[in-house]
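Residues per chain, in single letters:
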Amino acid sequence: MTKNLLVELGLEELPAYVVTPSEKQLGEKMAAFLDENRLSYEGIQTFSTPRRLAIRVLGLAEQQTDLTEDFKGPSKKIALDADGNFSKAAQGFVRGKGLTVDDIEFREIKGEEYVYVTKHEAGKPAKEVLTGIPEVLASLSFPVSMHWANNTFEYIRPVHTLIVLLDDEALDLDFLDIHSGRVSRGHRFLGHEVEIRHADSYEEDLRKVYVIADSIERENMIREQIKAIEVEQGVQVQVDEGLLNEVLNLVEYPTAFIGNFDPKYLEVPEEVLVTSMETHQRYFVVRDLEGNLKPNFISVRNGNAEHLENVIRGNEKVLVARLEDGEFFWREDQKLKIEDLVAKLSHVTFHEKIGSLREHMIRSGQIAILLAEKAGLSVDETVDLARAAAIYKFDLLTGMVGEFDELQGVMGEKYALLAGENARVAQAIREHYLPDSADGALPESKVGAILALADKLDTLLSFFSVGLIPSGSNDPYALRRATQGIVRILEDFGWKIPMDELIASLYALSFDSLTYDNQEEVLNFIKARVDKMMGSTAKDIKEAVLASSNFVVSDMIEAAEALTEAAKTEDYKSSVESLSRAFNLAEKAEGSVKVDASLFENEQEKELAQEVESLELKGSASDKVAQLFALSPVIDAFFDNTMVMAEDVDVKNNRLAILVELVNKAKTVATFNLLNTK
């Protein structure tokens with residue numbers, strides 16, 4: 001017979017961003033606890049609100065499954081002393097298993113006998129095992145924690161209640177000085193304390209006190225309420241999924257409503273209005289059926305529909321204050337001059353060890369022009385790039401960006417257009433911040449992409465040069481994100497710029513403000529980001545590609561994909577082994593030696609030399625791998641009929657020279673002797 005288990009931990013309001021991950025984590029940790037303790041179950045349901053984390057285990061067995069385990073001990077010759085008695089080694093072994101020497105038996109393995117003991121452990125009742133639930137709760141990890149009252153322990157928020165029910169039976173447990181019972185807390189304003197009658201009545205009991213415990217049900221309520229407003233008002237609502245998840249974890253009983261603001265604010269740039277509503281007030285944006293912004297918003301109340309008109313008026317009043325700020329800054333910022341703002345950036349610190357923002361811009365500008373040549377930008381594009389690089393941080397000193405820092409770059413584009421800058425320059429100012437997250441949108445224009453690369457490259461090199469290098473998970477200046485942006489942009493635009501050559505050329509630049517340092521560390525850091533871009537590619541393929549002589553990001557990504565596909569073919573193992581043998585022997589070559597046809601002693605070395613000489617790796621990475629693999633029979637024939645390390649030094653060096661030439665070409669794809677064929 002099975003039972004259902006309910007565990008609820010009642011807390012002070014959790015930060016919204018913590019709720020969903022914590023709900024998931026509780027489910028995973030409880031599943032691991034039950035599996036480890038041999039308690040079978042049919043399924044797990046999780047629940048969460050801002051004030052509780054809960055889990056219900058369905059079909060929990062009444063006791064653990066029995067355990068029978070065999071343990072291998074020392075060999076018989078070690079287990080028995082000269083008199084045939086059990087040695088201390090044997091006695092210690094069985095004692096460690098909770099058994100005695102009477103439980104020992106000997107089993108033969110590959111001609112030698114070893115000590116074996118079999119341990120039988122009867123399953124314990126579930127209620128005895130479940131006393132470990134507080135340990136599961138204590139094992140939850142959070143990005144922040146706190147301690148309260150006079151306690152020394154820390155947790156995400158103060159704990160108020162603990163419920164552990166096995167069907168309708170309340171188990172007697174303690175966690176962080178809180179004794180378990182069956183009392184939960186209802187909605188902070190609309191509800192009251194409530195007894196949970198049974199593990200299966202959890203949602204019903206809480207619903208009576210205005211708490212929707214199931215986060216999926218709560219989300220569906222919000223979506224359905226918004227849809228109802230859309231139909232009633234003839235509008236469409238911009239439901240941002242990240243915002244929805246945040247709102248979901250701020251309410252226990254959701255009621256969506258529509259509010260209004262004065263249409264005059266629509267004259268302010270849409271981005272300002274959307275940022276005010278979504279980011280600052282957690283409102284959903286409302287548009288007409290053609291997609292135009294309307295002077296409305298949708299918010300979600302943590303409560304029912306009673307006195308909703310008062311709530312609407314309060315939200316409208318708060319939003320108007322934000323919109324007034326936006327309108328004021330929009331109007332006042334247009335009185336400023338770009339050149340004046342750029343000059344003032346000389347007094348704004350980029351970093352105390354690195355210098356001002358203006359100095360950062362100057363370095364980025366030089367890098368941008370160098371990149372423009374390597375990427376093949378046109379004369380007009382290069383002119384626009386130079387202009388954008390000269391002014392691109394000016395909006396940081398505007399009132400709007402000072403108040404709404406999320407709009408940096410966005411407002412730069414708008415103010416640049418108002419000041420008469422051309423569209424390509426303005427667009428680059430906005431795009432230089434992209435991507436603004438690991439998987440964020442990339443620049444669409446070449447000028448914007450080059451400016452983004454230049455800005456991120458100087459940021460990377462500057463911080464590395466003054467010793468501010470990320471270690472472990474510590475990365476306060478988001479250099480990993482910046483570098484990920486660099487390699488993503490290069491890969492997306494397909495610019496065949498070797499990173500080792502590029503970095504070397506940047507280190508050759510001269511600035512009054514800073515001298516770049518730690519070049520090797522920078523290259524390794526970039527390679528680590530390329531490694532990350534390869535995702536779930538096999539480790540040996542990653543290592544082989546990263547060790548290649550080709551540091552062009554798009555080529556490396558393509559090579560990893562090509563080798564991953566090639567690894568599924570029948571001739572992969574034999575082809576890689578042939579090339580690996582060539583790589584290993586080529587390492588024995590000393591100095592620079594050219595192939596001399598007069599020293600050939602058989603047809604096989606002559607054929608390999610001719611094939612290598614005519615080898616031009618062209619086309620896609622898959623084509624190049626196919627060309628190299630096609631040489632496998634020729635390479636094998638060479639090795640089968642040729643002693644590479646001949647006694648004649650000239651002959652030996654000539655044969656090594658053939659292999660070196662082959663390896664130099666193959667290494668533009670991968671270092672093949674790093675591939676695993678076992």
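Refer to the structure printed above.
Below is a short write-up of the structure. (Residues numbered from 1 in each chain as written. Predicted model: local features only at pLDDT ≥ 70, side-chain atom pairs only at ≥ 80, totals over all residues. Heavy atoms only, no water.)

### Here's the deal with the packing of helix H24 (residues 603-614) against helix H27 (residues 649-666)
Just so we agree on the cut-off: Between the N-to-C directions of two axes lies an angle of 0 to 180 degrees, each axis being a line fitted to C-alpha atoms and, for a helix, fitted only over the stretch in contact. For helices the rule is a DSSP run of H or I covering at least 4 residues; for strands it is a run of E covering at least 2, with both sets numbered from the N terminus onward. Roughly parallel covers angles under 35 degrees, roughly antiparallel covers those over 145, roughly perpendicular covers 65 to 115, and oblique covers all other angles. Take the far helix as your reference; a near helix turned counterclockwise from it by less than a right angle gives a left-handed crossing, and one turned clockwise gives a right-handed crossing. Note on definitions: a residue-residue contact is assigned when non-hydrogen atoms from the two residues lie within 4.5 Å.
The N-to-C vectors of H24 and H27 enclose an angle of 30°; their axes lie 10 Å apart at closest approach. The angle between H24 and H27 places the two elements in the roughly parallel class. H24 and H27 meet at a crossing whose hand is left-handed. Two secondary-structure elements touch here, H24 through Glu605, Leu608, Ala609, Val612 and Glu613 and H27 through Arg655, Ile658, Leu659, Glu661, Leu662 and Lys665.

### Some details on helix H13 (residues 379-391)
Helical geometry: 3.6 residues make up each α-helical turn, so side chains three or four residues apart lie on a common side. Heads up, the rule is: Take the number of residues in a helix, subtract one, and multiply by 1.5 Å to get its expected span. Three exposure classes are used, based on accessible area relative to the maximum for each residue type with a 1.4 Å probe and protein chains only: buried under 20%, partly exposed in between, and exposed over 50%.
Compared with the 18 Å implied by 1.5 Å per residue over 13 residues, the 19 Å span of H13 between its first and last C-alpha is a close match. Among all positions of H13, only Glu381, Asp384, Leu385, Ala388, Ala389 and Ile391 are buried.

### With respect to the nonpolar core
The criterion, for reference: Residue types Ala, Val, Leu, Ile, Met, Phe, Trp, Tyr and Cys, when buried and joined through side-chain atoms within 4.5 Å, form a set referred to as a nonpolar core.
Formed by 130 residues in total, the largest nonpolar core has its most connected members in Ile503 and Phe672. With 12 residues, helix H17 (residues 446-465) is the largest single contributor of residues to this core. Discounting chain neighbours no more than four positions away, the residues touching Phe672 are Leu563, Val576, Leu579, Ser580, Phe583, Leu628, Phe629 and Ala666. Residues Val7, Leu39, Ile133 and Leu140 belong to the second largest nonpolar core, which totals 36 residues.

### A look at the environment of Asn310
Convention followed: Distance and chemistry together define a polar contact, namely a pair of N or O atoms within 3.5 Å, with one atom able to donate a hydrogen and the other to accept it when in protein, and with adjacent residues in sequence counting only for side-chain atoms on both sides.
Secondary-structure assignment places Asn310 in helix H10 (residues 308-333). Look at Asn310 and you get partly exposed, because its relative accessible area is 40%. Note: C-alpha distance between Asn310 and Val117 (193 residues apart in sequence) is 75 Å. A polar atom in the side chain of Asn310 sits 2.3 Å from the side chain of Arg313.

### Examining the packing of aromatic side chains
So the rule is basically this: Two rings from Phe, Tyr or Trp (for Trp, the six-membered ring) form a pair when their centres sit within 6.5 Å of each other. Planes less than 30 degrees apart are called stacked, planes more than 60 degrees apart edge-to-face, and all others tilted. Any Lys NZ or Arg CZ found within 6 Å of a ring centre and within 35 degrees of that ring's normal is scored as a charge over the ring.
In this structure the tally under the stated criterion is 19 aromatic pairs. In this structure, Lys72 packs its charged tip against the face of Tyr114, placed 4.3 Å from the ring centre. Its guanidinium or amino end placed over the ring of Phe106, Lys76 lies 5.1 Å from that ring's centre, counting from NZ or CZ.

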